Amino acid sequence: MDFENSKELFIQGVTLDGKTFRPSDWAERLAGVMSRFRPGGPQPGCHLGYSPWCIPTTMSGIKCVVLRSALREHEPMAWDFVLNFARDNHLQVVEACLLPDEQK
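The rules behind each value
Each chain carries its own residue numbering, running from 1 in the direction its sequence is written. With the structure being a predicted model, the display of local features is reserved for residues of pLDDT at least 70 and the display and counting of side-chain atom pairs for 80 or more, all residues being used for whole-chain, interface and lining totals. Hydrogen atoms and water are omitted, and side-chain values are computed over all heavy atoms in the structure. Exposure is judged per residue with a 1.4 Å probe applied to protein chains only, and the accessible area is read against the type maximum: over 50% gives exposed, under 20% gives buried, and values in between give partly exposed. Each helix is a run of H or I in the DSSP string that is no shorter than four residues. Each strand is a run of E no shorter than two, and both are numbered from the N terminus. When DSSP finds two or more bridges between two strands, those strands count as paired. Only the contacting stretch of a helix is used when fitting its axis, a line to C-alpha atoms as for every element, and angles between N-to-C directions run 0 to 180 degrees. Here the word oblique covers every angle except those under 35 degrees (roughly parallel), over 145 (roughly antiparallel) and from 65 to 115 (roughly perpendicular). Crossing handedness: left-handed means the near helix sits turned counterclockwise from the far one by under a right angle, and right-handed means the same turn made clockwise. In this analysis, two residues are considered to be in contact whenever any of their non-hydrogen atoms come within 4.5 Å of each other. Each residue receives one of three labels: charged for Asp, Glu, Lys and Arg, nonpolar for Ala, Val, Leu, Ile, Met, Phe, Trp, Tyr, Cys and Pro, and polar for the others, Gly being one of them. Put simply, two rings from Phe, Tyr or Trp (the six-membered ring, in Trp's case) pair if the centres are within 6.5 Å, and we call them stacked under 30 degrees between planes, edge-to-face over 60, tilted for the rest.

With respect to the pairing of strand β1 (residues 8-15)
Moving on, step 1. Of all eight residues in β1, seven are buried, a share of seventy percent or more.
Moving on, step 2. Two strands pair when backbone bridges link them, and β1 and strand β3 (residues 62-68) are joined in this way by five bridges, in the antiparallel orientation. When the bridges of β3 are listed, Phe10 appears paired with Val66.
Moving on, step 3. The sheet contact formed by β1 and strand β4 (residues 91-95) spans four bridges and is antiparallel. In the sheet register, Leu9 faces β4, and the bridge partner there is Glu95.

Spelled out as structure tokens, the structure:
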């Protein structure tokens with residue numbers, strides 16, 4: 001799948017065949033590796049927090065990484081690294097979409 005025009009992606013901790021990806025802290029590890037990629041470049045102590053462009057989270061009980069397109073714009077090789085990680089490990093990747101506000 002081509003994510004060239006995507007603004008935000010969710011890399012889910014579930015393989016294409018539906019198995020839970022291990023190790024259980026994979027999202028934190030991946031985001032930790034990407035922590036130096038941030039607005040303004042690496043800063044002293046940046047390894048102590050996650051990049052706003054690659055954030056680990058849990059959605060509906062599934063570990064995920066939220067990947068923002070600003071990473072692709074700032075450092076295309078880092079973007080490719082994350083997507084290649086997902087591809088090499090057969091992880092599900094979905095494009096984020098904004099839902100319209102609920103009408104009241």
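Continuing now.
What about the pairing of β3?
Moving on, step 1. Where strand β2 (residues 54-59) and β3 come together, six bridges link them in antiparallel fashion. Residue pairing in the sheet places Pro56 in a bridge with Val65 of β3.

Some details on the packing of helix α1 (residues 26-33) against helix α3 (residues 76-88)
Moving on, step 1. Where α1 contacts α3, the two axes come as close as 11 Å, and the packing angle between them is 160°. In terms of axis orientation, α1 runs roughly antiparallel to α3. Seen from above, α1 lies across α3 with right-handed handedness. In this structure, α1 contributes Trp26, Leu30 and Val33 to the contact, and α3 contributes Phe81, Val82 and Phe85.
Moving on, step 2. A per-class count over the contact of α1 with α3 returns six nonpolar, no polar and no charged.

Here's the deal with the packing of aromatic side chains
Moving on, step 1. Taken as a whole and judged by the stated rule, the model has three aromatic pairs.
Moving on, step 2. Ring centres of Phe21 and Trp26 lie 5.8 Å apart, and the angle between their planes is 80°; on these two criteria the pair is classed as edge-to-face. An identical accessibility class is assigned to Phe21 and Trp26; each is buried.
Moving on, step 3. On the numbers, 6.2 Å between centres and 20° between planes, the contact of Trp26 with Phe85 is stacked. With Trp26 in helix α1 and Phe85 in helix α3, this pair connects stretches of sequence that are 59 residues apart.

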